[in-house]
Amino acid sequence: MNSPTPTKRSRRDFVWQTGGGFAGLALMDLEARAGSLLAARKPHFPAKAKRAVFLFMNGGPSQIDTFDYKPELTQRNGQTYKGPLAVGSNNRPVGYLMQSPFEFRRRGQSGLWVSDLFPHTSKFADDLCVIRSMYTDTAAHASGCLQMNTGSIFIGKPSMGAWTTYGLGTDNESLPAFVVMTDPRGGPIGSASNWTAGFMPAAYQGTLFRSGGAPLLDLKAPVDDATQRRSLGLLKELNEQHLIDHKDESELAARIQSYELAYRMQTEALGIVDLDRETPETRARYGIDAKLTADFGRKCLITRRLLEKGVRFVQLYSGGGHIEDTWDGHEDCITNHRLHAGETDKPIAALIEDLKAGGLWDETVLLWGGEFGRTPTSEGIGKPGRDHDWHGFSMWLAGAGVKGGQAIGATDDLGFAAVEDRVHVSDLHATLLHLLGLDHTKLTWFHQGLNQRLTGVRGEVVRKVLA
Amino acid sequence: MASAFLFLLAFAAPPDFDREIRPLLARRCLACHGPTMQKSHLRLDQRASVLKGGESGVPAVEPGRSAASLLVRYVEGTDPKFVMPPQGPRLTAVEVDLLKRWIDAGAPYPANADASPAAPDPRRAHWAFQSVRQPAVPGVKDKSWVRTPIDAFVLAKLEARGWRPNPPAAPAQLQRRMYFDITGLPPSLPEQRAFRGDLDAEAARLLASPAYGERWARHWLDLVRYADTNAYERDALKPQVWKYRDWVIRALNEDKPFDRFAIEQLAGDELPDSDAGTLLATGYHRLGPWDDEPANPEEDRFDQLDDIISTTSQAFLGLTLGCARCHNHKFEPLLTRDYYSMLAVFNGLERPRKDRTELDSPIGPRAVVGRAAAMETRIDTLRAGFRLQWLRGSESKLPAAAREAFLTPGNMRTEEQRKLVKDNQKTLDAELKAAPVETEIAAIRDELEQTPRGYFMVERSAVPPKTHILIRGKAGALGPGVEPAAPEIVAAKPLRPEAGSTSGRRLAFAKWMTSRENPLTARVIVNRVWQWHFGEGLVRTPSDFGVMGDKPEHPELLDWLAAWFMDNGWSLKKLHTLILSSNTYRMAKTSNAEYAAADPENRLWWRFPYRRLEAEALLDSTLAVSGQLNRELYGPQVWPAIQKEALEGSSDPGKIWQPFDEKKASRRAIYYIVKRSLMVPLMEALDFCDTARTSARRLNTAVAPQALQLFNGGFVNRQASHFAARIRSEAGADPAAQVRHAWQLALAREPNAAETGKMLAFLRGSSLEELARVVLNLNEFAYTN
């Protein structure tokens, strides 16, 4: 899909594009959503995946402690690294090669290597497609998160969720099309620039959704429901009266509609986060009643409910704020990863299980990973921290359209750098869009003299991922 | 042996193109760079194409200079980023040498190699690249409709279609339209009552009000990517940056001529009469986002310059020159050489900083700034002198070895000395801090602090670094050197900078930019002013006047206005007055089925267009109507209360937002903090601009989260309470009077019978606060007349 170029579009198209309503249609059809900014749209080509979940492990999980098994690193534990790569970031000290303390095992029929950090998720090893040869362009969190989310190390580009929403619209306008849930310890560095719509209309940006209380900003009316309904009724009547003299103004009609949608959103969104009606068995599987897993468990269960309601793109953050509150294990990567994996492993497994049981698995694609990986060396001497590694790291995809039970690519013997079937972040983006039926070279938005893309001038679909 | 062989070859006759060079090219190069395919737009079998180069914009061959030729660099392939051919074996040493000798001999091609010499670029004829000439005002049939030449241009095209312009809007509606347009606020009750229908007088009064600058400065701030923080990890507050915002407000209120307005921003420090204001104006260069922990420090310098080039070329020139950073522009006649020539203009600028912290600088006339600089030098000298004396003397408690280590220059210290320095730094710092010289320093510092400071980049030398074309935009890949210049397509003559304490390049550029030789600047700003009045420009791509930009329906009107504007001293207020006095501006908004079908975009201006107020105007108007608007002008950023949930997405939710109390926060929204990582949510929902780069127009969306904030959110609900209290106190207890008063304040009109009936019925079951909330959410409240 192409955004209309400003030179070629009519004013009507412009309203169509930005009005969020139903251009050209007057009040006769308030429910009509054809022409809405967020109306569901056909993909470029038929695809199984209709929606996506990005499990963002904020801070940069270590590949050699999770999915990238390196016996050679164990052999050379304690030795000095003498390779050609720039190790670490920001002039932090470089220590010795440090083996993973976590045991790796082959899992499932496929024999995929997964460490003991993920006892629950690894039960679905045959569904996971691990890319062990990811690489990115930056060693800093701010630019790294931006690149993983928007394809660019600079702020201001639309995020993957925004591109997906622009490409496919939503099936349920009573909920945001693109939902983001951050960690209670804080958001990622760069905050909203990670889920922004950039130069596209704000309607495509990610909406922060809280996992408890009122999930959306100003969702709760300041008055009781009867008063709210009565006030909205008056607003609508007066606006409709005004519209009689301005029949051709689709913007005005769209604005009337937005208040009605907002009202429906109040009920719908509050219902989503009300987990009291879930069975004790379900709550237990997601770990909602255990302190360690409660927050991410709630988020995963809410994710399932959002997907059931037709939400297009959900992004969950594990880790927030700084350093050890995220996967950024500079001081003690072992304790750090035990904590963050412990918080997320069981909830993620429960989400996969439920998606499979409920039939959504064949329509949903999952993506797991962070902004980069971690070094096989310790950071400094005598402490088990690991620094940032942007030369090579692991991520996984699973679900609709993904060939599970396989690992693609490889890092070198020590796990520093991707050397085989290297996958750049933009290749991953092209692949994810492809799984959703979108051609990353055709999903463009005309801005500042260029047809802009999520993948910029890069990006190749990783064919091996595809089922 | 091999080198002796090459040595001998070097003295041989130049290679014959047809016999030696063409077969080599044909074997290894022409499949991709020949007659059938021109990868990267490069063709090697034609001399003209070789000299022009491919899309990198760098000639493939510099005749006579093989060492400087890109072709040689690629085929030698010593840098792994630049290797050709991409597949198969590398060229042999003999083959490379053959090419070198051919190039050193002047790269001769046989006469018939360029069968079709390059035709002149047809894009040169593009309308916007031609000089501005004022066209004659066209004749029209209905002369009575023509109040200004603008009307003649508009009416002539309408009459040519047999169309009529819309009738004028009612005077009270026009008053409200003008108020929103010029001040961003609705007319107050006394202003409504005092209005006798003289719109020209009203326009003059409004343009003289300081609210004009507060409204129109925001249009400019969008264009220059203004924000108060740097974005990225720390997203730190830029020191004193708000003074740039205030400078813009003042400049507009004083009607600073636009050419001077532009020159001060680009080169205020290089002006002979530079002062505090012109230095603050150069804050322009420093407004963009920048990463204090860049992924690649070498590239970062050029990313920061790119921000300046992209902003300047789009905001002032309407050219998308930023696209030519890595290769010649794909669509426009803009070359990589143009990009780097412009980079040379700004290459002397530096960002004053200490590590990750940005520093401000003293402002004032040259003498004051000079004195401040001398004081800063004096402090440094005193400190350094005393430190030396202290370390050489015997009063320090530090061991001799440690003192010796401190006296050794950093790069000459031994491992042991480095450790000593590290271990004793704190002790030494404490000793030096207690030194008597610090008293003297404190006195100087006190005086220094009397000098106000500002936020701008500085040029410290008359000789900026040499600028090179960067091949494919890569920082380390130096191509040919370039001199400072404006884009060749619009600038025939080279710049002639006069160096002083700085290079003078920016002043030379700014003078060219605002001269009549440049066809773009006046056209671009006149079109923007039109857009800010009408919602759409005469050119609908306001920052792109290139061949890919919108082709205007009214190029004559644009040129007439541009010439008129320059003839009238680049005065924005005169231009506003002209537009506001036109009948074109005063038409009703009413639609017309026939015209709307034929011209849905209203490109012929048969009616006044419809548009929603921008975020700032909507918030300011809400405060004005509720009676809470604090009209204090200027000053540091205002931190309004925001939803605490909005802080949850931040990495430091507890620290980053300390809201002001309500009275102090009830200022006009132009003073709100613009924090790049956390926008005020209500502003963001109302389509505030993208601050990452220059932004020429606001989007206009109407989505549910926007309605949630406007109907349920704290800001509007607080103002609804104030509004209700105001209505009660001013209109008394009679519901009919209350309704009338609310309507008059918010919409500047009486409610009709149907509206009154609905509201009175509502008031029988709900409170006046509820009614006030509804009124502040009406479509008519959010839309201009």
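It should be emphasised that the depicted structure is a prediction, and the values quoted were computed from it without experimental measurement.

A.B. asks: Honestly, the overall build of chain A in this entry has me stumped. Any pointers?
C.D. replies: The secondary structure content of chain A amounts to 10 helices and 19 strands. The globule rule puts the C-alpha radius of gyration for 467 residues at 23 Å, and the 23 Å found for chain A is close to it. Projected onto its principal axes, the C-alpha coordinates of chain A cover approximately 80 × 55 × 40 Å. Within chain A, buried positions represent 60% of all 467 residues. Here the contacts in chain A between residues at least 6 apart in sequence split such that 75% fall between residues at least 24 apart.

A.B. asks: Help me out: how do you make sense of the overall build of chain B in this one?
C.D. replies: Of the regular secondary structure elements, chain B holds 34 helices and eight strands. Along the first, second and third principal axes, the C-alpha atoms of chain B reach 110 × 85 × 45 Å. Of all 785 residues assigned to chain B, the portion counted as buried reaches 46%.

A.B. asks: What is the right way to look at the environment of Gln637(B) in this model?
C.D. replies: Within the element layout of this structure, Gln637(B) appears in the loop between helix H26 (615-626) and helix H27 (662-665). Put simply, Gln637(B) and Met683(B) are 46 residues apart on the chain and 15 Å apart in space, counted from C-alpha to C-alpha.

A.B. asks: How should the nonpolar core be read in this particular structure?
C.D. replies: In summary, soluble globular proteins display a tendency toward joint burial of nonpolar side chains. Core analysis: the biggest nonpolar cluster contains 314 residues, and Leu55(A), Val365(A), Leu367(A), Trp396(A), Val526(B) and Ala772(B) have the highest contact counts within it. With 12 residues, helix H6 (residues 250-273) of chain A is the single largest residue contributor to this core. Within the second largest apolar cluster, six residues are counted, among which are Ile64(A), Leu73(A), Leu97(A) and Leu414(A).

A.B. asks: What should I look at first to understand the interface of chain A and chain B in this one?
C.D. replies: Put simply, an interface is often sized by how much accessible area is lost when its parts join up. Across the contact, 73 residues belong to chain A and 69 residues belong to chain B. Secondary structure elements with two or more residues in the side of chain A that touches chain B: helix H1 (11-18), helix H3 (141-150), strand S7 (207-208), helix H5 (225-244) and H6 of chain A. Here the side of chain A that touches chain B takes 10 residues from H5(A), the largest share from any one element. Looking at side-chain class alone, the side of chain A that touches chain B contains 31 nonpolar, 30 polar and 12 charged residues.

A.B. asks: Hey, could you run me through the confidence of the model for chain A in this one?
C.D. replies: Keep in mind that low pLDDT regions are not for reading the predicted coordinates in detail. Mean pLDDT over chain A stands at 88; residues scoring 70 or higher make up 92%. Contacts for the low-pLDDT stretch residues 1-35 of chain A, under 50 throughout, to residues beyond four places or in other chains number 80 contacts.

A.B. asks: I keep staring at unusual backbone geometry and nothing clicks. Help me out?
C.D. replies: Most peptide bonds take the trans configuration, and most residues that are not glycine carry a negative phi. All names here are of chain B. The peptide bond linking Met-84 to Pro-85 adopts the cis configuration, its omega dihedral lying at -10 degrees. Structurally, Pro-85 can be placed in the loop between helix H5 (70-76) and helix H6 (93-104). Positive phi, close to 55 degrees, is recorded for Asp-255, a residue that is not glycine. Tracing the backbone through its elements, the reader meets Asp-255 in the loop between helix H12 (242-253) and helix H13 (258-267). Residue class for Asp-255 comes out partly exposed when judged on the 19 C-beta atoms lying within 10 Å of it.

A.B. asks: Is there a simple way to think about the packing of H5(A) against helix H32 (residues 753-765) of chain B in this case?
C.D. replies: Packed helix pairs are specified by the crossing angle of their axes together with the interaxial distance, meaning the distance between the axes. The geometry of H5(A) relative to H32(B) is characterised by a closest axis approach of 10 Å and an angle of 175 degrees between their N-to-C directions. Between H5(A) and H32(B), the angle is such that the two are roughly antiparallel. Here Arg230(A), Leu234(A), Glu237(A), Leu238(A) and Gln241(A) of H5(A) come into contact with H32(B), specifically with Ala754(B), Glu755(B), Lys758(B), Phe762(B) and Gly765(B). Of the residues that constitute the contact of H5(A) with H32(B), the class distribution is four nonpolar, two polar and four charged.

A.B. asks: Can you help me understand the pairing of strand S8 (residues 313-318) of chain A in this one?
C.D. replies: A regular strand places its side chains on the two faces of the sheet in alternate fashion. All names here are of chain A. The buried fraction of S8 amounts to six of the six residues, a majority that puts the element mostly inside the structure. Every second residue of S8 is oriented toward a common face, with Phe-313, Gln-315 and Tyr-317 on one face and Val-314, Leu-316 and Ser-318 on the other, all of them buried. Bridging between strand S1 (residues 51-57) and S8 involves six bridges; their strand directions are parallel. Opposite Phe-54, over in S8, you have Gln-315 as the bridge partner. Both strand S6 (residues 178-181) and S8 contribute to a ladder of four bridges, which runs parallel. Each bridged residue has a counterpart across the sheet, and for Met-181 the counterpart in S8 is Leu-316.

A.B. asks: What's the story with the pairing of strand S13 (residues 393-399) of chain A in this structure? I'm lost.
C.D. replies: Residues and elements named next belong to chain A. Across the seven residues of S13, seven count as buried, placing the element largely inside the fold. The sheet contact formed by strand S5 (residues 129-135) and S13 spans four bridges and is antiparallel. Following the sheet pairing, Val-130 is matched in S13 by Trp-396. Two elements, strand S9 (residues 364-369) and S13, share four bridges in a ladder whose sense is antiparallel. Note that in S13 the partner of Leu-367 across the bridge is Leu-397.

A.B. asks: Please clarify how the domain arrangement of chain B should be interpreted in this entry.
C.D. replies: Looking at chain B, the domain boundaries give domain 1 (2-111), domain 2 (146-214 + 519-598), domain 3 (260-358 + 460-510), domain 4 (367-451) and domain 5 (615-782). Taking only C-alpha atoms into account, the centre of domain 2 of chain B sits 62 Å from that of domain 4 of chain B.

A.B. asks: I tried to follow the environment of Leu443(A) on my own but got confused; where do I start?
C.D. replies: When you line up the elements, Leu443(A) lands in the loop between helix H10 (425-435) and strand S18 (445-447). Taking the C-alpha atoms as reference points, Leu443(A) and Asp116(A), 327 residues apart in sequence, are found 40 Å from one another.

A.B. asks: Could you clarify how one ought to interpret the confidence of the model for chain B in this entry?
C.D. replies: Residue and element names in this part refer to chain B. Residue-level pLDDT values for chain B average 91, and 97% of them are 70 or greater. Segment residues 1-11 is flagged for pLDDT under 50; beyond a separation of four residues in sequence, or across chains, it makes five contacts in the model. Predicted complex metrics record ipTM = 0.85 and pTM = 0.81.

A.B. asks: So what exactly am I meant to see when it comes to the environment of Tyr585(B) here?
C.D. replies: All names here are of chain B. Within the secondary structure, Tyr-585 is located in the loop between helix H24 (572-580) and helix H25 (593-598). By the C-beta count within 10 Å, which is 27 here, Tyr-585 ends up buried. C-alpha of Tyr-585 to C-alpha of Pro-609: the two residues are 24 residues apart in sequence and 9.7 Å apart in space.

A.B. asks: Could you clarify how one ought to interpret helix H30 (residues 714-731) of chain B in this entry?
C.D. replies: For an α-helix, the turn length of 3.6 residues means that residues three or four places apart are oriented alike. All names here are of chain B. Between the first and last C-alpha of H30 there are 25 Å, a value that for 18 residues agrees with the 26 Å anticipated at 1.5 Å per step. Within the sequence span of H30, burial applies to Phe-715, Val-716, Gln-719, Ala-720, Phe-723, Ala-724 and Ile-727. When H30 is viewed along its axis, its buried side chains cluster within an angular range of 160 degrees and face the same direction. In this structure, the buried residues of H30 make contact with H26, helix H28 (681-685), helix H29 (704-712), helix H31 (735-747) and helix H33 (768-776). In the segment just after H30, Gly-732 is the residue with positive phi, at about 80 degrees.

The rules behind each value
Residues numbered from 1 in each chain as written. Chains lettered and ligands numbered in written order. Predicted model: local features only at pLDDT ≥ 70, side-chain atom pairs only at ≥ 80, totals over all residues. Helix = DSSP H or I, 4+ residues; strand = E, 2+ residues; numbered from the N terminus. Rg over C-alpha atoms; globule rule 2.2 N^0.38 Å. Buried ≥ 20, exposed ≤ 12 C-beta atoms within 10 Å, placed from the backbone. Contact = placed C-beta atoms within 7 Å. Core = buried A, V, L, I, M, F, W, Y, C linked by C-beta atoms within 7 Å. Nonpolar A, V, L, I, M, F, W, Y, C, P; charged D, E, K, R; others polar. pLDDT = per-residue confidence, 0-100. Axes fitted to C-alpha atoms, helices over the stretch in contact; angles between N-to-C directions. Parallel < 35°, antiparallel > 145°, perpendicular 65-115°, else oblique. Pairing = 2+ DSSP bridges. Domains from an automatic or database assignment. Expected span 1.5 Å × (residues − 1). Arc of directions from axis to C-beta.

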